[in-house]
Amino acid sequence: MKFDSGAYAVVTQTLSAFEHHQTVKITGTKASTLAAWSGAKDRTREPTFALRAFDGEKVETIPITKITGELFELEDQIDMMVHAVRDGQPPVARAKMAVGQSRCAWRPRNRSTPSRKSI
């Protein structure tokens, strides 16, 4: 993705026959951040994850106090829904709120080029 300011971003995700890894690196002119998550499967109960920041002088590991991953997020969503029903509260998010939020503003420049190639 290229931005009008001249900045750009590269987004990748690779899933293979084994394991699941996601890494995000954000680099600016004065600092950078790295977030990484790995598991034997996307629905693992024992992921490894890290968040690190570089301020131009030193790298700092930022503590993550809650285990993350799909199973943990699903448990949180179920808990929030049970709370909403039991306590008579509106859900944290409604379907109408999501409409349009998941659309990506970026579009491939050449739509005739497939995004995946068979090997």
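Residues numbered from 1 in each chain as written. Predicted model: local features only at pLDDT ≥ 70, side-chain atom pairs only at ≥ 80, totals over all residues. Heavy atoms only, no water.

## Looking at the overall build of the protein
Worth spelling out the cut-off: Working definition: helices are DSSP H or I runs of at least four residues, strands are E runs of at least two. Numbering for both runs from the N terminus. Only heavy atoms matter for contacts: two residues are in contact if any of them lie within 4.5 Å across the pair. In short, Shrake-Rupley with a 1.4 Å probe defines the accessible areas, and a residue's cover is counted only from the protein chains shown.
Helix and strand counts for the protein come out as two helices and five strands. Traced from its N-terminal end to its C-terminal end, the protein shows the element sequence β-β-β-β-β-α-α. Long-range pairs, those at least 24 residues apart, make up 20% of the contacts in the protein between residues at least 6 apart in sequence. Accessible surface for the protein amounts to roughly 10900 Å². Of this, 55% is attributable to carbon and sulfur atoms.

## Describing the environment of isoleucine 67
Among the secondary structure elements, isoleucine 67 is positioned in the loop between strand S5 (59–61) and helix H1 (70–87). Spatially, the C-alpha atoms of isoleucine 67 and proline 47 are 7.8 Å apart, while their sequence positions differ by 20 residues. Non-local contacts of isoleucine 67, meaning those with residues more than four positions away in its chain, are made with Pro47, Phe49 and Phe72.

## Some points on the packing of aromatic side chains
To be explicit about the condition: Stacked, edge-to-face and tilted are the three classes for Phe, Tyr and Trp ring pairs, Trp counted by its six-membered ring, which pair at centre distances within 6.5 Å; planes under 30 degrees apart are stacked, over 60 edge-to-face, the rest tilted. Look at NZ for Lys and CZ for Arg. If either is within 6 Å of the ring centre and within 35 degrees of the ring normal, a charge sits over the ring.
Applying the stated criterion across every chain yields a total of zero aromatic pairs. Directly above the aromatic system of phenylalanine 72 lies the positively charged group of arginine 45, at a separation of 5.3 Å from the ring centroid.

## A short note on the pattern of salt bridges
Between side chains of opposite charge, a pair can form as their charged atoms come close. To keep it simple, the criterion reads: Any carboxyl oxygen of Asp or Glu within 4 Å of a side-chain nitrogen of Lys or Arg constitutes a salt bridge here. The cut-offs for exposure are 20% and 50% of the maximum accessible area for each residue type, with area from a 1.4 Å probe on protein chains only; residues under the lower value are buried, those over the upper are exposed, and the others partly exposed.
Per the counting criterion, the structure on display carries five salt bridges. The residue lysine 58 makes a salt bridge to aspartate 55 at a minimum N-O spacing of 3.1 Å. Here arginine 86 and aspartate 87 are joined by a salt bridge, their closest N and O atoms 3.9 Å apart. Residue classification places aspartate 87 among the partly exposed residues on the basis of a relative accessible area of 42%.

## Topic: the environment of threonine 23
Following the sequence through the fold, threonine 23 ends up in strand S2 (residues 20–27). Those residues in contact with threonine 23, other than ones at most four positions away along the chain, are Leu34, Ala35 and Ala36.

## Some thoughts on the environment of glutamate 46
Along the chain, glutamate 46 falls in the loop between strand S3 (32–39) and strand S4 (48–54). The exposed category is assigned to glutamate 46, whose relative accessible area is 68%. Sequence separation between glutamate 46 and threonine 68 is 22 residues, and the spatial gap between their C-alpha atoms is 9.4 Å.

## Considerations on the confidence of the model for the protein
Segments scoring low in pLDDT should not have their predicted coordinates read at a detailed level. Here is the rule we go by: Confidence scores per residue from the predictor, reported as pLDDT, run from 0 to 100.
When the pLDDT values of the protein are averaged, the result is 79; 74% of them are 70 or greater. In this model, residues 109–119 is a region of pLDDT below 50 whose contacts with residues beyond four sequence positions or in other chains number one contact.

## Quick look at the pairing of S4
Under the convention used in this document: In this description, strands pair whenever DSSP reports at least two bridges between them.
As paired elements, S3 and S4 share seven bridges and run antiparallel to each other. Across the sheet, the residue bridging to leucine 34 is arginine 52, located in S4. Two elements, S4 and S5, share three bridges in a ladder whose sense is antiparallel. What sits directly across from phenylalanine 54, in S5, is valine 59. Where S4 hands over to S5, the hairpin turn is made up of four residues, of which glycine 56 adopts a positive phi near 100 degrees.

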